[in-house]
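The chain contents come next:
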Amino acid sequence: MGTETLIIENEAALAGLAARLAPLLKKGDVLTLKGNLGAGKTAFARALIRTLAGRSEEVPSPTFTLVQVYDFAPFSVYHFDLYRLEEKEVDILELGWDDARKDGVCLVEWPERLGMLLPRDRLDIEISFHKSKETAREITLWPHGTWEDRLR
Ligand SMILES: Nc1ncnc2c1ncn2[C@@H]1O[C@H](COP(=O)(O)OP(=O)(O)OP(=O)(O)O)[C@@H](O)[C@H]1O
Ligand SMILES: [Mg+2]
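For clarity, every value in this text was computed on a predicted model and none was experimentally measured.

Visitor: Residues and numbers for the overall build of the chain, please.
Guide: In terms of helices and strands, the chain carries four helices and seven strands. Relative to the 2.2 N^0.38 estimate, which gives 15 Å for 152 residues, the radius of gyration of the chain is 15 Å and therefore close to what a compact globule would have. Across the 152 residues in the chain, those meeting the buried criterion constitute 45%. For the chain, the proportion of contacts with a sequence separation of at least 24, taken over those separated by at least 6, is 62%. Carbon and sulfur atoms provide 49% of the accessible area of the chain, an area that totals close to 8,100 Å². Considering the chain, the positive charge centre built from 20 side chains and the negative charge centre built from 25 side chains are found 4 Å apart.

Printed below as a string of structure tokens:
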């Protein structure tokens, strides 16, 4: 199974993609969000979380807290931003990674920081700036493990 690249025109279209993905999620899922600073990783996570919340939930970037938790039913959402993990001298396990994996859905910005903890079953979402249009983005979905069948 290959990957899929989509061009989205603006932030609303990005939110639309996140909203389409939201109903596929179940407890134990891990979505990684890759892309340069300001690409739209948090914007994607925010749209996904708001879809799951069913309302305009406040979704701050976890830039400094490193993780924000949303207690939804039937699963909690753990939104991580691991960019400053080393600088903050905290361990991912101190941030509740094990609980997140057990009873939640994990959205992980800067998943490169997970190292050995990066799960085999996951969906990597890569967001790149469009070469000419300011508000457009290229989104590539990279399914791994069980996600290869689930994305169809
Ligand atoms: N198509 C688009 N998709 C997402 N964001 C967009 C788009 N067009 C413009 N933007 C703007 O780009 C910015 C994306 O910021 P965001 O915080 O989501 O990036 P990020 O990838 O999380 O960055 P960081 O690495 O700093 O966490 C926002 O200001 C958003 O309004
Ligand atoms: Mg961010």
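Visitor: How would you summarise the site of ligand 1 if you had to cite specific residues and measurements?
Guide: The environment of ligand 1 is made up of 17 residues, and the closest members are Glu 11, Lys 41, Thr 42, Ala 43 and Thr 135. Within the contact set of ligand 1, a nitrogen atom lies 3.4 Å away from a backbone nitrogen or oxygen of Asn 10. Contact between ligand 1 and Thr 42: an oxygen atom at 2.8 Å from a main-chain N or O atom of the residue. Alone, ligand 1 offers 640 Å² of accessible surface; in the complex the protein occludes 73% of this. Elements with a minimum of two residues in the shell around ligand 1: helix 1 (11–21) and helix 2 (41–53).

Visitor: Go over the coordination of the magnesium ion (ligand 2), please, and point to the residues and values.
Guide: At this site the magnesium ion (ligand 2) is bound by Thr 42 (OG1) and Glu 109 (OE), with donor distances of 2.1 to 2.2 Å. Of this pair, Thr 42 sits in helix 2 while Glu 109 is found in strand 5 (residues 104–109), placing the two residues 67 residues apart along the sequence. Each member of the pair, Thr 42 as well as Glu 109, carries the same accessibility label: buried.

Visitor: Describe the pattern of salt bridges, naming the residues involved and giving the relevant values.
Guide: Scanning the entire structure with this criterion turns up eight salt bridges. Across the salt bridge formed by Glu 87 and Arg 84, the nearest N and O atoms sit 3.4 Å from each other. Here Arg 122 makes a salt bridge to Asp 124, at a shortest N to O gap of 3.0 Å. For the pair shown, Arg 122 and Asp 124 are each scored as buried.

Visitor: Break down the environment of Trp 97 for me, with residues and values.
Guide: By the element assignment, Trp 97 lies in helix 3 (residues 97–103). For the pair Trp 97 and Met 116, spaced 19 residues apart in the sequence, the C-alpha separation amounts to 13 Å.

Visitor: So what about the packing of aromatic side chains? Which residues, and what values?
Guide: Counting across every chain of the model gives four aromatic pairs. When the ring of Tyr 78 is compared with that of Phe 80, the centres are 6.4 Å apart and the planes differ by 15°; the resulting orientation is stacked. As far as burial versus exposure is concerned, Tyr 78 and Phe 80 are alike and both buried. One aromatic cluster is present, formed by Tyr 78, Phe 80 and Trp 97 through successive ring pairs. We note Arg 150 situated over the ring of Trp 147; from NZ or CZ to the ring centre the distance is 4.0 Å.

Visitor: Account for the sheet that holds strand 1 (residues 4–8), naming residues and giving values.
Guide: If you walk across this open sheet you meet the seven strands as 1-7-6-2-5-4-3, and the pairing is mixed. Both outer strands of the open sheet, strand 1 and strand 3 (67–70), are each paired with one neighbouring strand and no more. Across the sheet, the mean angle from the axis of one strand to that of its neighbour is 15°, orientation sign disregarded.

Basis of the calculations
- Residues numbered from 1 in each chain as written.
- Chains lettered and ligands numbered in written order.
- Predicted model: local features only at pLDDT ≥ 70, side-chain atom pairs only at ≥ 80, totals over all residues.
- Heavy atoms only, no water.
- Helix = DSSP H or I, 4+ residues; strand = E, 2+ residues; numbered from the N terminus.
- Rg over C-alpha atoms; globule rule 2.2 N^0.38 Å.
- Buried < 20%, exposed > 50% of the residue type's maximum accessible area, 1.4 Å probe, protein only.
- Contact = heavy atoms within 4.5 Å.
- Areas by Shrake-Rupley, 256 points an atom, 1.4 Å probe, with all protein chains shown as cover.
- Lys, Arg positive; Asp, Glu negative; His and termini not counted.
- Charge placed at Lys NZ, Arg CZ, Asp CG, Glu CD.
- Near = heavy atom within 4 Å.
- Polar contact = N/O pair within 3.5 Å; in protein donor to acceptor, adjacent residues only side chain to side chain.
- Donors = N, O, S within 2.8 Å, 3.2 Å for Na, K, Ca; no water.
- Salt bridge = Lys/Arg side-chain N within 4 Å of Asp/Glu carboxyl O.
- Phe/Tyr/Trp six-rings, centres within 6.5 Å; stacked < 30°, edge-to-face > 60°.
- Lys NZ or Arg CZ within 6 Å of the ring centre and 35° of its normal.
- Pairing = 2+ DSSP bridges.
- Axes fitted to C-alpha atoms, helices over the stretch in contact; angles between N-to-C directions.

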